[in-house]
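If you want the building blocks of each chain, they are given just below.
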Amino acid sequence: MKSGQWSVVSGQRTFSRRVHAARFDPFSRRVHAARFDPFSRRVHAARFDPFSRRVHAARGSGFGARDSKDGSGRVLCLQSLIPNPQSLILSPNPQSLIPNPSRSAFTLVEMLVTVTIIGILAAMSFGALQMAREAARETATKSTIAKLNNVVMRRYESYATRRVPIRIPPGMLPRLAAEIRLAAIRDLMRMEMPERYNDIISDPTPLPYLPIGSNQLPEPALHRLYRDRYNNTPQNPDPTKSPAHAECLYMLISIGSPEAMEQFNQSEIADTDGYGGPEFVDGWGKPIYFLRWAPGCSLYSDIQPAEPINSHDPFDTRNVDSAGYKLIPLIFSFGRDGVANVNVGHRVNFFDSTTSLAPTSICGFGLYQNNGAPEPAGSTGAFGNITNHHIEQR
Ligand SMILES: [Ca+2]
Ligand SMILES: [Ca+2]
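Residues numbered from 1 in each chain as written. Chains lettered and ligands numbered in written order. Predicted model: local features only at pLDDT ≥ 70, side-chain atom pairs only at ≥ 80, totals over all residues.

A. Highlighting the overall build of the protein chain. The number of helices and strands found in the protein chain is 6 helices and 15 strands. Expressed as a percentage of the 394 residues in the protein chain, the buried residues total 34%. Within the protein chain, contacts between residues separated by at least 24 positions form 63% of all contacts whose residues are at least 6 apart in sequence. (Helix = DSSP H or I, 4+ residues; strand = E, 2+ residues; numbered from the N terminus. Buried ≥ 20, exposed ≤ 12 C-beta atoms within 10 Å, placed from the backbone. Contact = placed C-beta atoms within 7 Å.)

B. Region of the structure containing the environment of Gly256. Within the element layout of this structure, Gly256 appears in the loop between helix H6 (244–254) and strand S9 (269–270). Residue class for Gly256 comes out partly exposed when judged on the 17 C-beta atoms lying within 10 Å of it. Each C-alpha atom, one on Gly256 and one on His223, is 9.3 Å from the other, the two residues being 33 residues apart in sequence. Beyond its immediate sequence surroundings of up to four residues, Gly256 is in contact with Arg155, Glu192 and Leu222.

C. Broad picture of the sheet that holds strand S11 (residues 289–291). Taken in spatial order, the 3 strands line up as S11-S12-S15 in an open sheet, and their pairing is antiparallel. In the strand order of this sheet, the two ends are held by S11 and strand S15 (386–387), each with one partner. Taken together, the 3 bridges between S11 and strand S12 (residues 330–333) define a ladder with antiparallel strand orientation. Bridge assignment links Tyr289 to a residue of S12, and that residue is Phe332. With respect to the sheet, helix H2 (residues 108–158) is in contact with S12 and S15, its orientation differing from that of S12 by roughly 165 degrees. (Pairing = 2+ DSSP bridges. Axes fitted to C-alpha atoms, helices over the stretch in contact; angles between N-to-C directions.)

D. Structural detail: unusual backbone geometry. Despite not being glycine, Tyr209 has its phi angle at roughly 70 degrees, a positive value. Relative to the assigned elements, Tyr209 resides in the loop between helix H4 (197–201) and helix H5 (221–231). Phi is positive for Asn319, which is not a glycine, with a value near 55 degrees. Inspection of the secondary structure assignment puts Asn319 in the loop between S11 and S12.

E. Layout of the confidence of the model for the protein chain. Chain-level statistics for the protein chain give a pLDDT mean of 75 and a share of 62% at 70 or above. Long-range and interchain partners of residues 57–100, a stretch whose pLDDT sits below 50, account for 112 contacts in this model, where long-range means more than four residues apart. (pLDDT = per-residue confidence, 0-100.)

F. View of H2. End to end, H2 covers 75 Å across 51 residues, agreeing with the expected 75 Å (1.5 Å per residue, within 8%). Among all positions in H2, only Thr141, Lys142, Thr144, Ile145, Leu148, Asn149, Val151 and Val152 are buried. Where H2 is buried, its residues touch H6, strand S10 (279–280), S12 and S15. (Expected span 1.5 Å × (residues − 1).)

G. How the structure looks around the nonpolar core. Among the nonpolar cores identified, the biggest contains 48 residues, and Leu148, Ala184, Leu249, Ile288 and Ile331 are the most heavily contacted of them. Only H2, helix H3 (174–192), H4, H6, S11 and S12 provide two or more residues apiece to this core. When residues no more than four places from it in sequence are discounted, the contact partners of Ile331 are Ile145, Leu148, Asn149, Val152, Leu249, Ile288, Phe290, Thr387 and Asn388. (Core = buried A, V, L, I, M, F, W, Y, C linked by C-beta atoms within 7 Å.)

H. Geometry of the pairing of S12. Burial along S12 is two-sided: Leu330 and Phe332 facing one way and Ile331 and Ser333 facing the other are all buried. In this sheet, S15 lies alongside S12 in antiparallel orientation, the contact comprising 2 bridges. What sits directly across from Ser333, in S15, is Ile386.

What follows is the structure, given as C-alpha cells:
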C-alpha cells in the first residue's frame, strides 16, 4: 500500500465488513479507528496521531478488525489487515470514513444506575405529589368551613336582637325577668341551631319562675321543620357510627338557610354513613362536625377565651349569669389524621351552678389524643383539626 492512500475505510471494511469505527474528527483532526472490546463485544475507537500522522489502534498493533471466520460471528481483536500498517495515513476525505460504531445497548451497570435514578426521582415526585394532594385537601376543607362559618355566625348573631315570645308576668323582679329571657334565648338557640338529634326531638324546655302552662316557648317553626326532616330520615341503628353532629349542621344550613346551599358543590356534601341524612364533608370525605356551644374548646380556640368578665356571654345583657362567657359555634374537620380528638359527649361545667340557669342544656366538649388519653395543650391531635376557631382558617 502506498503512502497517500488510506485504507482504513475501504480495506478493512472490505475484508471484515465489521469494522465500523473509523471516523475522522474535523476538530481534533484525528481518525478514530477500531478497537474491539471483548466485554462489550463492540468495536471502539483507535486514534490518529497527528505527529506520526498514523492511526494507532487502541490495542495490539493492527488497525482493523475482521471476522474471526470461525462462524462465531465475533470480531477478532485488531489484526492487521494490511502488510504494512505504517503506510496508513489520514484520509484527505474524511466524509468517506465510516462512522464510529453506535452503541445499541446499555451495560448492566448503566441500566442499574438509570433504574436507581429513575426510582429516586419517582419517589421524590410521589412524595411531592402526596404533599400537594394533602395541601389541596386542607385548602378545600378550610374553604368549606369558612362558608359554613359565615352562615352559622349570621344566625348566631341574630339572637342578640331576637325577640323572645314569652310573657313575663307583671311585677316580676327585673333580674328574674332577665334570667327568664336569657334561658329562653338559649333554648331558642338550642332548638333552631341543633347540634344533636336530642335538640330536635325535645320539646321546648321549661323556663324558670313561670307558672306551668306558660313556662315554655312555643315551638319555633324552624324546629318543627327539623323535626319533620328527622322523622322522615332513617337513622343509623348504630349511634356510634352516626355523624349526627354533622347531619344536624346540614339540616341547620339546608333548612334554616336554604339560600346558602348554592355556595356548596356536590363534592362538599355526602351521606357518609348511608342512612339518608347528608353531611357536609371535608377534603378527605369525612363529615364536618358542629357544636353550637363548645366550652371545652377554649383550650385551643383563638376566638373563645373562657373569661366570664372579659368575654362575657353576649346574650346575657343584664349579667345575670356570672359564669357565662361567650360561646362561639364550633365547626370542625378531623384534619389530616382523620381522628376527631374531640369528645363531644363529655359534660363540662360551664354555667354558674348557683343560678337557676344551671340546668340549661350544655354540650360538653373534651379533647383527647389519638391513643384516647386526654390531650395536653400544644399537642397535635385536636390541634391538627381544622376549625373556624382558628383565625387563619376562617
Ligand atoms: Ca348521614
Ligand atoms: Ca385530628
